[in-house]
Amino acid sequence: MTSDQTRRRMAVFSVHTSKPDDIGAIEVVFDNQLAAEEFAAGRSKDPGVLSASVTRYFLSELGSRRPISWFVDGIEQPRRFDRHPYPTDGSESPPTNPATRQQRSRTPRPEA
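Residues numbered from 1 in each chain as written. Predicted model: local features only at pLDDT ≥ 70, side-chain atom pairs only at ≥ 80, totals over all residues. Heavy atoms only, no water.

Scanning all chains against the criterion turns up three salt bridges. We note a salt bridge from R43 to D46, for which the minimum N-O separation is 2.7 Å. One connected set of salt bridges, linked through shared partners, spans E27, R43 and D46. (Salt bridge = Lys/Arg side-chain N within 4 Å of Asp/Glu carboxyl O.)

Time to look at the sheet that holds strand β5 (residues 75–76). Here five strands make up an open sheet; going across it, the order is β2-β1-β3-β4-β5 and the pairing antiparallel. Of all strands in the sheet, those with a lone pairing partner are β2 (26–30) and β5, marking the two edges. Two elements, strand β4 (residues 66–72) and β5, share two bridges in a ladder whose sense is antiparallel. Across the sheet, residue F71 finds its bridge partner in β5, namely E76. (Pairing = 2+ DSSP bridges. Helix = DSSP H or I, 4+ residues; strand = E, 2+ residues; numbered from the N terminus.)

To continue, consider the packing of aromatic side chains. As enumerated under the stated definition, the model contains one aromatic pair in all. Ring geometry for F30 and F39: centres 5.7 Å apart, planes at 50 degrees, overall tilted. The aromatic ring of F58 is capped on one face by R9, whose charged end is 3.7 Å from the ring centroid. (Phe/Tyr/Trp six-rings, centres within 6.5 Å; stacked < 30°, edge-to-face > 60°. Lys NZ or Arg CZ within 6 Å of the ring centre and 35° of its normal.)

Written out as structure tokens, the structure is:
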């Protein structure tokens, strides 16, 4: 067995906030899910924050990113597959009808 196979999988949990017209970025990373969720719940109550979410990653494992939970005004929101993961348009709830969702711009990026 190689050293990579014997090492323990290390999970980390990031907290990401959404604000009007700004998806934002990861604000903090925890090594404990409960601590991350408590922080996200509190952060989602801050002025100007629409929601805060928790995402799990396993270190050095491509494709291990998984959404864990999201909060609005300190309340954990239901996990549904018919919603936008991070509502950033200022609406109180994301649209649930796929036909009413706005399509993302497909404008090609300029080459560097």
